[in-house]
Amino acid sequence: MSFDAEKVTKEIVQWIRDWFEENGKGCKAVVGLSGGKDSSVVAALCVEALGKENVFGVMMPNGEQFDIDVSHKLAEHLGIESIVVNIKDAYNGVVGELAKHFDSFEGQARVNLPPRLRMAALYAVSQTVNGRVANTCNLSEDWVGYATKFGDGAGDFSPLSKLTVQEVKAVGRVLGLPSMFVDKVPIDGLCGLSDEDNLGFTYAVLDRYIREGVCEDEETRQKIDRLHKANLFKLQPMPTFPYEPEQ
């Protein structure tokens, strides 16, 4: 199955323009800049669609972030305004309060707290600058639930959620992004491991399975299927009680 990166890039750019025309005319696109390929490509797409003066980048380290220089370089490369909002004090404050009530606050509950605080910060910035928050998730991550619900999984518009990692990279190259932004090894920014270390398989393997239905390792295939099924709830609208008043 071929992927026409140039055609898809043009279509996404037009889609962003149309979306803002209908849902945020005169607003800025607010993008959380992590230094990874997804936020880099989303920011570049928004610049192409709306102009650099209408894109606002937000870097949100939790204390010290070893690769935050990549985000600064991206903002400089794109010519967009950007700020740093450090979430460390907010994170420590919430953890401290929870420690008063629970003997242990570890595992995914603790790991998922920073992305949820970041999304709260993004929306605060967005309302301050008259913006709309960009979701930066891709199809590969969403497929196996590698996103935090109401964290990086939230947003007002999502340019990449139907594209695999390989396709996102191809779009980034069409946009002329340097390799340091497109090919940077994805790290979750939460526990210090790469995405692929956490998942236990590569994005190349996952992307091929998504697009072609081919996965040569049976154990990996079963793991992908299990993760996909277990995390479908993150991608679906919140279930609501189907109440209808009697006539």
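This section reports on the structure supplied with the text. No experiment lies behind these values; they were computed from the predicted model shown.

One face of the sheet, then the other: side chains in a regular strand alternate in exactly this way. Taking burial as the measure, the five residues of strand β1 (residues 28-32) include four buried ones, the bulk of the element. In the sheet, β1 pairs with strand β4 (residues 131-133) via three bridges, with the strands oriented parallel. The partner of Ala29 across the bridge, within β4, is Arg132. In the sheet, β1 pairs with strand β2 (residues 55-59) via four bridges, with the strands oriented parallel. In the sheet register, Val31 faces β2, and the bridge partner there is Gly57.

Let's shift gears to the packing of aromatic side chains. Under the definition given, this model contains four aromatic pairs. Taken together, a centroid distance of 5.1 Å and an interplanar angle of 80° make the contact between Phe20 and Phe157 edge-to-face. Taken as a pair, Phe20 in helix α1 (residues 5-23) and Phe157 in the loop between α7 (139-143) and α8 (165-174) lie far apart in primary sequence, 137 residues in all. On the accessibility criterion, Phe20 (4% relative accessible area) is buried. Overall, the relative accessible area of 2% leaves Phe157 in the buried class. Three or more aromatic residues link up through ring pairs in this structure, and these residues are Trp19, Phe20 and Phe157.

A word on the packing of helix α4 (residues 88-99) against helix α6 (residues 113-129). At a closest axis distance of 10 Å, the pairing of α4 and α6 adopts a crossing angle of 125°. Considering the angle they form, α4 stands oblique to α6. Helix-helix and strand crossings are classified by hand; for α4 and α6 the assignment is right-handed. Where α4 approaches α6, its residues Ala90, Tyr91, Val94 and Val95 are matched on the opposing element by Leu113, Pro114 and Leu117. Counted by class, the contact of α4 with α6 contains seven nonpolar, no polar and no charged residues.

Turning to the sheet that holds β4, a few remarks are in order. With parallel pairing, four strands are arranged side by side in an open sheet as β3-β2-β1-β4. Every interior strand has two partners, whereas the edge strands, β3 (81-84) and β4, have only one. Sheet twist, expressed as the mean angle between neighbouring strand axes with direction ignored, is 25°.

Secondary-structure assignment places Thr136 in the loop between β4 and α7. Excluding residues within four positions of it along the chain, Thr136 makes contact with Val31, Asp38, Ser39, Val42 and Leu160.

A few words on the pattern of salt bridges. One pass over the full model with this rule turns up 13 salt bridges. Lys73 is the partner of Asp69 in a salt bridge, and the nearest nitrogen-oxygen pair spans 3.7 Å. Taken together, the residues span about one helical turn, with Asp69 and Lys73 both in helix α3 (residues 68-78) at a distance of four residues. One salt bridge in this structure joins Arg208 and Glu212, with 3.3 Å as the shortest N-O distance. In this pair, Arg208 and Glu212 both sit in helix α11 (residues 203-212), four residues apart, roughly one turn of the helix. Take Arg208: its relative accessible area is 36%, and that puts it in the partly exposed class.

Calculation notes
Residues numbered from 1 in each chain as written. Predicted model: local features only at pLDDT ≥ 70, side-chain atom pairs only at ≥ 80, totals over all residues. Heavy atoms only, no water. Buried < 20%, exposed > 50% of the residue type's maximum accessible area, 1.4 Å probe, protein only. Helix = DSSP H or I, 4+ residues; strand = E, 2+ residues; numbered from the N terminus. Pairing = 2+ DSSP bridges. Phe/Tyr/Trp six-rings, centres within 6.5 Å; stacked < 30°, edge-to-face > 60°. Axes fitted to C-alpha atoms, helices over the stretch in contact; angles between N-to-C directions. Parallel < 35°, antiparallel > 145°, perpendicular 65-115°, else oblique. Left-handed = near helix turned anticlockwise from the far one by under 90°. Contact = heavy atoms within 4.5 Å. Nonpolar A, V, L, I, M, F, W, Y, C, P; charged D, E, K, R; others polar. Salt bridge = Lys/Arg side-chain N within 4 Å of Asp/Glu carboxyl O.

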